[in-house]
Structure formats: C-alpha cells, structure tokens
Amino acid sequence: FTVFGPGNVTDTLEISVFGANQSPVCSLVYPEEGQGYVYGEGVFFSAEVNDLEEEPQHLQVVWSTSLSTVPLDENPPTEQGVMQFLLEDLAIGTHQLTLEVKDERGASCVEERTIFVATPPTIVSMVPQGEVYNEGTDVPFSILVDDQEDSLDQLSIVVQQLDGTVLSEGHPTA
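Since the structure is predicted, the reported quantities are computational estimates derived from the model, not experimental observations.

Q: Help me out: how do you make sense of a nonpolar patch on the surface in this one?
A: Together, Tyr133, Val139, Phe141 and Leu167 line one region of the surface with nonpolar side chains, adding up to about 350 Å² of accessible area. Taking the relative accessible area as the measure of exposure, phenylalanine 141 reaches 43% and is therefore partly exposed.

Below, the structure written as structure tokens:
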C-alpha cells in the first residue's frame, strides 16, 4: 500500500500474504521408547526436523521432561535440521520426554517418548568370596542385595560361572 500526501510525500507499507501454514515435521530419533538408563550415565538425544516454509535453524525447539519445569534444551537445529546433545544429570524416575518444534507462524509438531532413569541394584555382600571348593562339593551361597528404587520382589538374582553356565537363579527374600 502506498499513501500519497501533499507535496509528493508518500509512505509505503508492504504486506505479505501467505497460503495456509504447514506444520513443521519432527522425528525424535533418540532416546528410544521405553529405554532404561543408569543414573549419572549420559543419555543421548537426537532429532530431525523440517519445515516447507522456513529454514530449520529458524524453528523454535524445546525439549522437556515431565520431571522438571526447566527445559532440557532449547538450541535450534542445524541448517540440515539435526539436533543432538548429551545429558548426564537426568533425575531418577520415569521421564515423559517431549520434543516441541514451532515455526514462526505458530504451527507445531510434538513427539513424545518415555524413558527410565534408575540406579542399579548393588551386591552388599556375598559368600563365598575367594574360597576354593572341590568339584562335586555343595557350595553354600549367601548374597545380600539392595536397590534404592525397587522392592526385593522386583529383583532377580542369577549366579553363573565365568563361562556363562547358570548355577542358580531366583528372587531375594527379606
């Protein structure tokens, strides 16, 4: 639009009219659905995004978890639409991960995954330890285990030889 005023004074305003906005496309590659991780070890995040009307690096990206109000990451993707990062401090628990990608006109794509972060069970004590027994002799086993998140009935114990032969398996008792 151009407005003409007295003395050949003009002012111009440009307006862009676009067709219907297409939502960005996103694909959460890692972590995989249902994957479990040991607390303190790194969790690799990776996703790919694309938008027909906007360069990938201009898209707004938010990675979040249900266990925190603070986003995990908000860095934009590369020009190729790739996002990758490693987190080593995810909280213990079941995480509902969300990747949300928005374009400049507000259309969005959302991908979700559930992962688990936990501490492994620990062997508190075990008998025998270092003793030598003759072949064919009964060997009494006593193993004391602990787990910070799971009850004993959710654990299983497998005793095996170095060659992988299973000697005993079962669940701990209180």
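Q: How should I be thinking about the state of the cysteines in this particular structure?
A: Note: disulfide means a covalent bond formed between the sulfur atoms of two cysteine side chains. Evaluated as defined, the whole model comprises one disulfide. The residue that forms a disulfide with cysteine 26 is cysteine 109, at a sulfur-sulfur distance of 1.8 Å. Measuring the twist about the S-S bond at about -85 degrees, one finds the cysteine 26-cysteine 109 disulfide to be left-handed. Of this pair, cysteine 26 sits in strand 3 (residues 25-30) while cysteine 109 sits in strand 9 (residues 108-118), placing them 83 residues apart in sequence.

Q: Whenever I open this one, the packing of aromatic side chains confuses me. Can you help?
A: The geometry of an aromatic ring pair is captured by the separation of the ring centres together with the interplanar angle, meaning the angle of the planes. Across all of its chains, the model carries four aromatic pairs by this definition. Arranged with centres 5.5 Å apart and planes meeting at 85 degrees, the rings of phenylalanine 45 and tryptophan 63 form a pair that is edge-to-face. One end of the pair, phenylalanine 45, is in strand 5 (residues 43-50); the other, tryptophan 63, is in strand 6 (residues 60-65), with 18 residues separating them in the sequence. Ring plane angle 85 degrees and centroid distance 5.2 Å describe the contact between tryptophan 63 and phenylalanine 85, whose orientation is recorded as edge-to-face. Pair noted here: tryptophan 63 is in strand 6 and phenylalanine 85 is in strand 7 (residues 82-87), with a separation of 22 residues, a long-range link. The class for tryptophan 63 is buried, based on a relative accessible area of 1%. Accessibility expressed as a relative area gives 13% for phenylalanine 85, which makes it buried.

Definitions and cut-offs
- Residues numbered from 1 in each chain as written.
- Predicted model: local features only at pLDDT ≥ 70, side-chain atom pairs only at ≥ 80, totals over all residues.
- Heavy atoms only, no water.
- Patch = residues over 30% accessible without salt bridge, like charges linked within 9 Å, V, L, I, M, F, W, Y side chains within 5 Å.
- Areas by Shrake-Rupley, 256 points an atom, 1.4 Å probe, with all protein chains shown as cover.
- Salt bridge = Lys/Arg side-chain N within 4 Å of Asp/Glu carboxyl O.
- Buried < 20%, exposed > 50% of the residue type's maximum accessible area, 1.4 Å probe, protein only.
- Disulfide = S-S within 2.5 Å.
- Helix = DSSP H or I, 4+ residues; strand = E, 2+ residues; numbered from the N terminus.
- Phe/Tyr/Trp six-rings, centres within 6.5 Å; stacked < 30°, edge-to-face > 60°.

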